[in-house]
Amino acid sequence: MDESEVEDSWNWATIIRIMVKAAGMFVVFNLIFASFDLWPSMAKLSVYNSIVPGRRRLPFGSDPQRSYNLTITQLDVMVASHEIAGEEKQPDEFRVLVLGDSAVWGFLLQPGETLPALVDAADYHTLDGRRIRAYNFGYPTMSLTKDLLLLSRGMEFDPDLIVWFLTLESTWRDNQIAPLVQFNPGATRTLILERHLNLNPDDARFSPTSFWQRTIIGQRRELANAIRLQFYGLLWASTGVDRYIPTAEAREIRELSVDLNYHGTLPGELQEDQLSFDVLSAGVALAGDVPVLLINEPIYIDESMGDGQYYNAAYPRWIYDEFRERLQARSEREGWTLLDLWDRLPSEAFKDSTVHYDAGAAKSLASFLAEYIYTLTAPAGNR
Amino acid sequence: MTFAQIFVFTLLSLLVGRLSGTRIRSWILFVANLFAVFWLQPQTSLRHFDFWFPTATIALIVLTWFIVRERSPLASEDRISLAAIVFLILLISLTRLLPRPLIIPTYPPQGQRIVITLLVAAGITAAFASVRRERKWIFPGMIVFIVLLLVVLKSETLQIGLSSVLRRALGQSPELASKVDITWLGYSYIAFRLIHTLRISAMSKLPALTLRELLTFGLFYPALTAGPIDRVERFVKDLRQSQMLTPGRFMQGGRRIAIGMFKKFVLADSLAILALNEIKAAQVSSHAWLWLLLYAFALQIYLDFSGYTDLALGIGAWAGIDLPENFDRPYLQTDIGAFWNRWHKTLTHWFRFYVFNPLTRSLRSLRTELPVWTIILTGQLFTMVLIGMWHGIAWHFIIWGLWNGAGLFFHNRWVLFHQKYWPLSSTWRENPFLRAIGIFITFNYVALGWVWFAIPNVDAAFDVMRKLIGI
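Bear in mind the structure is a predicted one, so any value in this text is a computation, not a measurement. (Residues numbered from 1 in each chain as written. Chains lettered and ligands numbered in written order. Predicted model: local features only at pLDDT ≥ 70, side-chain atom pairs only at ≥ 80, totals over all residues. Heavy atoms only, no water.)

Student: In this structure, what is going on with the overall build of chain B? I would like to understand it.
Tutor: In terms of helices and strands, chain B carries 20 helices and zero strands. At 24 Å, chain B has a C-alpha radius of gyration in line with the 23 Å of a compact globule built from 471 residues. In terms of overall dimensions, chain B has C-alpha extents of about 70 × 55 × 50 Å along its principal axes. Counting contacts in chain B only where the partners sit at least 6 residues apart, residues at least 24 apart contribute 73% of the total. Entry remark: accessible area of chain B is about 21600 Å², with carbon and sulfur atoms responsible for 67%. Looking at chain B, you have 45 positive and 24 negative side-chain charges, and the mean spots of the two groups are 5 Å apart. (Helix = DSSP H or I, 4+ residues; strand = E, 2+ residues; numbered from the N terminus. Rg over C-alpha atoms; globule rule 2.2 N^0.38 Å. Contact = heavy atoms within 4.5 Å. Areas by Shrake-Rupley, 256 points an atom, 1.4 Å probe, with all protein chains shown as cover. Lys, Arg positive; Asp, Glu negative; His and termini not counted. Charge placed at Lys NZ, Arg CZ, Asp CG, Glu CD.)

Spelled out as structure tokens, the structure:
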């Protein structure tokens, strides 16, 4: 029977039957996908840490074709692509998980130039001989809740120390529902409810989680991005590039408010509740026995900005000073270990924003931090 | 073509294919093609040129038709076709009144400009129609015009120059002139279809065509963006006997559409992430990765292009037209000659028919007898360089053409050498191990040639070549 005869053997009834069956199977697959959370299982199929090395930081990028990286929202897939997911903790390893915003992630830096990468490269050992290995768990956008979400995942990897970089902007209550938080409503709601965070579990900004949105059709974009991330893994492996940094970064320009308000709050009006210290508290509790080092991260300081009423375009002096005081007081009250490095770096180190520093600054900060971690891990008598 | 456009075209073909009656089907195809050429035209920064480019395409085909048609008064069908074209163009111009652009990406120009342009086009056509085929210069003249236009559209310098001139005329900034401004949808394919039509008409081999038939041939929506380059006499025969959509034809076309979608949108688009380009070539850390990127490019370009061909064939089959195959497992061929017989077949056949054969014939008939090898070398190199330049008039495409031309020439010499000194029995020729070696060598030779395709910067391409072969 030649091909034309085979083709002629079809009839419309058979074709319709096949199409109905195919449509039925597609519906069933969608129902299964929507009914069970298959993302963790799918994340296990990651090419990272198997075919290609894991990424040195979480996937993030707006220019995939040049950075071989892209922003995805599925935490399971993100974490599966990170080097930490592929590295069995060694007995002689002192594992440090570094949390924070884009400054920690290394917005203006190549993967080997970031603060955690440099702490790692410093090759420090604790007094008991364990090698200090730092992992970059920072992620762009300023939100402590986003950091808490990542910490909740990072705890799976048995860290020995959590280093958590924060700043006023990431502490600000209204900033808590960052995109990563928005797109992971289930995990965030669990944290809110279990850790009694002062956030609304039904916040309208959470991405909807209707049945339809959990189907393959509803999540097609997330699925496509998860697959694309696997392909970019090959380019990551072959080039070591995970970030395209434009040559000329322009400093952000903001109009300074005459009345010195910060997100609408005027001098003298700051309430403690506007600062998400409850999220820090939840993070410390979540870490359990693992020590947490809180660091008020370095900021760009321009003495002359706003006739000296501002530290920089983002922070009026009054609120930043008050934030530092309150953070200090709260830390003392709660027994947190706090390191205030707000003015540690010279203003020339900052390139495009209030917190993004250059490679040289990252190096100096890393050597300070590595030394500090070493000291922190030494028994009290040896410090 | 976007996913949405493919979806609409498949539905349209399904509808056309299910209609009983060839005549009604061909009229619907005619109107659909006229809409499609406007709908598929990408946006350009030149004001209103996403309207003028498709209009010019239609005008060019109409003009060609007036040149090739038999001398006789206009038949009523052709008058209706002309009226339909004018009506449709004016209808699209009315989309200007809508709250947002429809069919074309931006608003069309004002109605009076369109009317004036149509009158000028009608005048030019009438002038040509009065001269027509009795004048010997008319066919080569029209072919030269089409080729010159193609040269302008393929040369970055000329594109920018033309863009600059047009920008000045339109009151737009000439400093912003860019080659992207001159994005004329499907012209490369339409030009070759029209040249073929003019050529066989000059040879009196063209069957009598209605305007509707020539327009449907030139603008057939499945093949508008990426071929294949059909022959008018074959296409029109199909159009006149177009098959109604039977279950068998539905499955045959559906399979091609599904395969095409999978090749293009799943495989090729994924491989595009990895495919070699200048930046990646400079960044990769090792020799092996560079080969991987090159293989990704080789597969991506094949799957992308052949995927589009599958789509065109499938959508065409549903509409009742069987377009010619364009690819036939090219990477599984044991020699480069066989590769070029199976890669973009309709283009290579066109060049063989209109360039290689006439050129080698004329070289053979020279008064001074040339050695055969020089004739073959000249023919292969010249043809392949022209194929390269069809993709773009740039050094990297020329070198790509030379690379492939040289490959074809050396293969030709190798075959002759074998036949003379070391003839292989058919058993040896079919030996799976030898075949595998042949496929490996052919694929890698072709893949190395793609370096010139992937990297426009000639120096960078040479560097990549050096890295790949380890020198």
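From this point, the discussion proceeds with the structure in view.
Student: Just to check I follow, could you spell out the interface of chain B and chain A for this structure?
Tutor: Where interface size is given, it is often the accessible area lost as the parts come together that is meant. Counting from both sides, the interface comprises 19 residues of chain B and, opposite them, 18 residues of chain A. A buried area of about 1700 Å², summed over both sides, lies between chain B and chain A, and 73% of it is on carbon and sulfur atoms. Between the two partners, chain B and chain A, sit two residue pairs in polar contact (both at pLDDT 80 or more). Residue assignment for the side of chain B that touches chain A shows that the elements contributing at least two residues are α11 (247–274), α12 (278–283) and α13 (287–318) of chain B. Broken down by element, the side of chain B that touches chain A gets its largest block of residues, nine residues, from α11 of chain B. Residues of the side of chain B that touches chain A, tallied by class, amount to ten nonpolar, six polar and three charged. (Buried area = accessible area lost by both parts, 1.4 Å probe. Polar contact = N/O pair within 3.5 Å; in protein donor to acceptor, adjacent residues only side chain to side chain. Nonpolar A, V, L, I, M, F, W, Y, C, P; charged D, E, K, R; others polar.)

Student: Would you mind showing me how to read the pairing of strand β2 (residues 131–136) of chain A here?
Tutor: Along any regular strand, the residues point their side chains to alternate faces of the sheet. Residue and element names in this part refer to chain A. Most of β2 is tucked away, with five of its six residues classed as buried. Sheet topology places strand β1 (residues 93–99) next to β2; six bridges connect them, and they run parallel. Looking at β2, one finds that F94 is bridged to I132. (Buried < 20%, exposed > 50% of the residue type's maximum accessible area, 1.4 Å probe, protein only. Pairing = 2+ DSSP bridges.)

Student: Before we go on, may I ask you to explain the nonpolar core in this structure?
Tutor: One recurring pattern in soluble globular proteins: nonpolar side chains tend to sit buried together. Core analysis: the biggest nonpolar cluster contains 253 residues, and V163 and Y357 of chain A together with F192, L215, L276, Y331 and W450 of chain B have the highest contact counts within it. Of the residues forming this core, the biggest block, 17 residues, is contributed by α13 of chain B. With near-sequence residues (within four places) excluded, V163 of chain A lies in contact with V96, L97, V98, L99, L293, I295, L369 and I373 of chain A. (Core = buried A, V, L, I, M, F, W, Y, C linked by side-chain atoms within 4.5 Å.)

Student: Hey, could you run me through the pattern of salt bridges in this one?
Tutor: Here the idea is simple: oppositely charged side chains can pair when their charged atoms come close. Residues and elements named next belong to chain B. Scanning all chains against the criterion turns up 41 salt bridges over all chains. The salt bridge partner of K264 is D269, with a shortest N-O separation of 2.9 Å. The class of K264 is buried, set by a relative accessible area of 9%. For D269, a relative accessible area of 32% translates into the label partly exposed. (Salt bridge = Lys/Arg side-chain N within 4 Å of Asp/Glu carboxyl O.)

Student: Just to check I follow, could you spell out the side chain of N312 of chain A for this structure?
Tutor: Residue and element names in this part refer to chain A. Looking at where N312 falls in the secondary structure, it is placed in the loop between β4 (292–296) and α14 (317–334). Owing to a relative accessible area of 0%, N312 belongs among the buried residues under this scheme. Here Y300 takes part through its backbone oxygen, which lies 2.8 Å from a polar atom of the side chain of N312. Sequence-distant contacts of N312, that is, excluding residues within four places in its chain, are made with L256, I299, Y300, M305 and T354.

Student: How should I be thinking about empty space enclosed by the protein in this particular structure?
Tutor: One water molecule sets the probe size; rolling that probe over the atoms shows where empty space is left. All names here are of chain A. By the definition in use, this model includes one cavity of 30 Å³ or more. By volume, the largest cavity is sized at about 30 Å³. Considering the residues around the largest cavity, the lining is formed by R56, E83, P111, T114, P116, A117, A134, Y135 and N136. Elements represented by at least two residues in the lining of the largest cavity include exactly α7 (115–121) and β2. Considering each element in turn, the lining of the largest cavity owes the most residues, three residues, to β2. Looking at the lining of the largest cavity, its residues break down into five nonpolar, two polar and two charged. (1 Å grid on protein atoms, 1.4 Å probe; cavity = no way out; pocket = protein on both sides within 12 Å on 5 of 7 lines; lining within 4 Å. Points joined across faces, edges and corners; volume = space filled by probe spheres on them.)

Student: Would you mind showing me how to read the layout of surface pockets here?
Tutor: Residue and element names in this part refer to chain B. Considered as a void within the structure, the largest pocket measures approximately 1400 Å³ in volume. If you go around the largest pocket, you meet 40 residues; those closest to its centre are K154, S188, W390, H391 and F397. At the level of elements, α6 (138–154), α7 (156–170), α8 (187–202), α13, α16 (372–391), α17 (395–421) and α19 (432–454) are the ones that each hand at least two residues to the lining of the largest pocket. Here the lining of the largest pocket takes six residues from α13, the largest share from any one element.

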